[in-house]
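# Analysis of the macromolecular model
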Amino acid sequence: MINLPKNPDPYDPFHKSALETHAQLNGAGLDVEVIPEPVERRVKSIDFVASYANYYACNGAIIAAQFGDSETDKVAQDTLQKHYPDREIVTLNVDHLGELGGGIHCATQQMPAA
């Protein structure tokens, strides 16, 4: 799964990176599901990465982001449900995580001992 914007900014480094990743995955013969990035979102900062691909798979559920764009939030939820039919898809407002540079998957990872 990869996020690509509906109306890309050719100067956006996140968009450029997403296109390169998509090309590499397709080049490796993988079938990549594309989910559009949200157009309408609560956080307007250019540094905020609104990625639906940053989700967490746990026992019986998928914990995923919603960014306030009802159309793309629904597309992401439906796509995850298609790929995880036996799990509940739980979406949360993760704006505070994103403003700090992370997402749900990032926040659930282990911290190494200092």
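Numbers given to residues run from 1 along each chain, matching the order in which its sequence is written. Totals for whole chains, interfaces and linings use every residue, but because this is a predicted model, local features are given only for residues with pLDDT of at least 70 and side-chain atom pairs only at 80 or more, for both listing and counting. Here the side-chain values reflect all heavy atoms present in the structure, with hydrogen atoms and water set aside.

### Topic: the packing of aromatic side chains
Pairing of aromatic rings covers Phe, Tyr and Trp, the last through its six-membered ring, and needs centres within 6.5 Å; plane angles under 30 degrees mean stacked, over 60 mean edge-to-face, and all others mean tilted. Scanning the entire structure with this criterion turns up 2 aromatic pairs. Between the aromatic rings of Y52 and F67, the centroid separation amounts to 5.2 Å while the plane-to-plane angle is 70°, which identifies the pairing as edge-to-face. In this pair, Y52 is assigned in the loop between β2 (34–36) and β3 (56–58) and F67 in the loop between β4 (61–66) and α2 (70–83), connecting sequence segments 15 residues apart. This pair shows no difference in class: Y52 is buried, exactly as F67 is. Measuring from centroid to centroid gives 5.9 Å for Y55 and Y84, while their planes differ by 75°, and the two rings are edge-to-face. Residue Y55 is located in the loop between β2 and β3, and its partner Y84 is located in the loop between α2 and β5 (88–93); the two are separated by 29 residues in the primary sequence. By the criteria applied, helices consist of DSSP H or I runs no shorter than four residues and strands consist of E runs no shorter than two, each listed in order from the N terminus. Here the term buried applies to any residue with accessible area under 20% of the maximum for its type, exposed to any over 50%, and partly exposed to those in between, with areas from a 1.4 Å probe on protein chains only.

### With respect to the pairing of β4
Of all 6 residues that make up β4, 5 are buried, and the element is covered over most of its length. Pairs of strands are assigned from DSSP output, requiring at least two bridges between the strands. Remark: 2 residues form the turn of the hairpin made by β3 and β4, two consecutive strands paired antiparallel; G60 in that turn has positive phi of roughly 80°. In this sheet, β5 lies alongside β4 in parallel orientation, the contact comprising 6 bridges. Looking at β5, one finds that A65 is bridged to L92.

### What about the sheet that holds β5?
One open sheet holds the 3 strands; their spatial order is β3-β4-β5, and the pairing between them is mixed. Whereas interior strands pair on both sides, the edge strands pair on one side only; in this sheet they are β3 and β5. Mean inter-strand twist for the sheet, computed between neighbouring axes without regard to direction, equals 25°. Two strands pair when backbone bridges link them, and β3 and β4 are joined in this way by 3 bridges, in the antiparallel orientation. Residue pairing for β4: A57 is matched across the bridge by I62. Contacting β4 and β5, α2 crosses the sheet at an angle of about 150° to β5. Where helices are involved, their axes are fitted lines through C-alpha atoms of the stretch in contact, as for all axes, and angles between N-to-C directions lie from 0 to 180°. Residue contacts follow a heavy-atom distance rule, with two residues in contact if any of their heavy atoms lie within 4.5 Å.

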